[in-house]
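Each chain, letter by letter, is given below.
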Amino acid sequence: MATTEQCPEIRAEIRNVTGMYLGPRQAHSYAQRLARAHWRERQQRTAKVRRRWPGRRDHQPPRPPKILKMGTILKDLMAKTLPIVHVCNC
């Protein structure tokens, strides 16, 4: 990302575009504030730390899957329905 010191064209463009919509006093004060802007030199006042959410749960790693046995009712139903399906090689 380019800094404002490297690209004075960006500041000039911002000044020109906003100058169309501002009055003379507003444009003057805006130009002064734009000249004072040093966002790269600003001191960080607070740490960038994730704050604890009140209802958030901690991350749990996934557990191994539970392998279940198929019941006799489903086995009978599968035995009935699978032979009915017939594959067409059209």
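For clarity, every value in this text was computed on a predicted model and none was experimentally measured.

Quick look at the overall build of the protein now. Counting secondary structure elements, the protein contains three helices and zero strands. Accessible surface for the protein amounts to roughly 9700 Å². Of this, 59% is attributable to carbon and sulfur atoms.

What follows deals with the environment of Leu34. Secondary-structure assignment places Leu34 in helix H2 (residues 24–36). Judged by relative accessible area, Leu34 falls into the buried class, the value being 16%. Not counting residues up to four positions away in its chain, the partners in contact with Leu34 are Arg11 and Arg15.

This part takes up a nonpolar patch on the surface. Side chains of Met70, Leu74, Leu77, Met78 and Leu82 sit close together on the surface and give an oily, nonpolar patch of about 480 Å² of accessible area. Mapping Leu74 onto the fold places it in helix H3 (residues 72–84).

Quick look at the confidence of the model for the protein now. Of the residues in the protein, 81% have a pLDDT of 70 or more, and the chain-wide mean is 77. Across the protein, the element-wise mean pLDDT spans from 74 in helix H1 (residues 8–21) up to 85 in H3.

Thresholds applied
- Residues numbered from 1 in each chain as written.
- Predicted model: local features only at pLDDT ≥ 70, side-chain atom pairs only at ≥ 80, totals over all residues.
- Heavy atoms only, no water.
- Helix = DSSP H or I, 4+ residues; strand = E, 2+ residues; numbered from the N terminus.
- Areas by Shrake-Rupley, 256 points an atom, 1.4 Å probe, with all protein chains shown as cover.
- Buried < 20%, exposed > 50% of the residue type's maximum accessible area, 1.4 Å probe, protein only.
- Contact = heavy atoms within 4.5 Å.
- Patch = residues over 30% accessible without salt bridge, like charges linked within 9 Å, V, L, I, M, F, W, Y side chains within 5 Å.
- Salt bridge = Lys/Arg side-chain N within 4 Å of Asp/Glu carboxyl O.
- pLDDT = per-residue confidence, 0-100.

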